Amino acid sequence: MFARTELEDVLTWWLLMTVQPRVPAAAGWTWFLQRYREDLPGETEPNVAWPTFGRPSRVGDTEVEPLADLHAIRHSGRLLGNCLARFEASRAENAPEAFFLMRDQKERPCAVFSARPPAKANETPWLCDLRRRFNQPAEEHLWAVAKAYLAQTVQG
């Protein structure tokens, strides 16, 4: 038996591969899972805490979750097939921005955004970037959700 997120991770990994290896005729779930785990970038290195703010919250029908460490950032990148999958630990030292994962009403990852924390109290954090799967630009309603989430972090 396997977890739903594990299945999503392996399928996303398989679909994103630029060159797919020859699959043995008798290959089963264990074979795919082993190849996926062998290909994970840098998960053998220690996890690094990442500066963040806010807490998990729902805005409309979208769940927003702050990503508090390097492994969570990379995992969200793998789920969405974007550049965060190979994010470098060295960027944590001077990290000017926090990352947030957005999930749709069916709890599927749908986008990730980055924001800089406010410079002064009661200021709204600055929304830096928002991307959907495969680094595609996000629709306007996702930008509105991200802005609403950031505004609510100031209020409470």
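In the block above lies the structure referred to throughout.
Residues numbered from 1 in each chain as written. Predicted model: local features only at pLDDT ≥ 70, side-chain atom pairs only at ≥ 80, totals over all residues. Heavy atoms only, no water.

**With respect to the overall build of the protein**
- Helix and strand counts for the protein stand at 4 helices and 5 strands.
- Starting at the N terminus and walking to the C terminus, you meet the elements of the protein as α-α-β-β-α-β-β-β-α.
- Counting every position in the protein, which comprises 156 residues, the buried fraction comes to 37%.
- Across the protein, every contact between residues at least 6 apart in sequence was considered, and the portion connecting residues at least 24 apart equals 52%.
- When the accessible surface of the protein is totalled, it reaches about 9300 Å², and 53% of it is carbon and sulfur. (Helix = DSSP H or I, 4+ residues; strand = E, 2+ residues; numbered from the N terminus. Buried < 20%, exposed > 50% of the residue type's maximum accessible area, 1.4 Å probe, protein only. Contact = heavy atoms within 4.5 Å. Areas by Shrake-Rupley, 256 points an atom, 1.4 Å probe, with all protein chains shown as cover.)

**Overview of the packing of aromatic side chains**
- For the structure shown, the criterion picks out 5 aromatic pairs.
- Ring centres of F100 and F113 lie 4.8 Å apart, and the angle between their planes is 15°; on these two criteria the pair is classed as stacked. You can see F100 sitting in strand β3 (residues 98-103) and its partner F113 sitting in strand β4 (residues 109-116), a full 13 residues away along the chain. Just as F100 is buried, F113 falls in that class too.
- By way of ring pairs, the aromatic residues F53, F100, F113 and Y149 are connected into one cluster.
- Lying over the aromatic face of F134, R133 brings its terminal NZ or CZ to 5.7 Å of the ring centre. (Phe/Tyr/Trp six-rings, centres within 6.5 Å; stacked < 30°, edge-to-face > 60°. Lys NZ or Arg CZ within 6 Å of the ring centre and 35° of its normal.)

**Concerning the sheet that holds β3**
- Strands sit in the order β1-β2-β3-β4-β5 across an open sheet of 5 strands; the sheet is antiparallel. Each edge of the open sheet is held by one strand with a lone partner, namely β1 (57-59) and β5 (126-131). This sheet shows a mean twist of 30° between the axes of neighbouring strands, independent of strand direction.
- Judged from the 3 bridges that link them, β1 and strand β2 (residues 62-67) form a sheet pairing that is antiparallel. When the bridges of β2 are listed, R58 appears paired with E63. (Pairing = 2+ DSSP bridges. Axes fitted to C-alpha atoms, helices over the stretch in contact; angles between N-to-C directions.)

**A look at unusual backbone geometry**
- Residues other than glycine seldom take positive phi values, yet F134 does so here, at roughly 55°.
- Mapped onto the elements of the fold, F134 is located in the loop between β5 and α4 (140-155).
- Look at F134 and you get partly exposed, because its relative accessible area is 43%.
- Not every positive phi belongs to a glycine, and N135 is a case in point at roughly 65°.
- The residue N135 is located in the loop between β5 and α4 in this model.

**Describing the pairing of β2**
- Between β1 and β2, which pair antiparallel in sequence order, lie 2 residues; one of them, G60, sits at a positive phi of approximately 65°.
- Pairing analysis gives 5 bridges linking β2 to β3, with the strands arranged antiparallel. Residue pairing across strands places P66 opposite F100, the latter belonging to β3.

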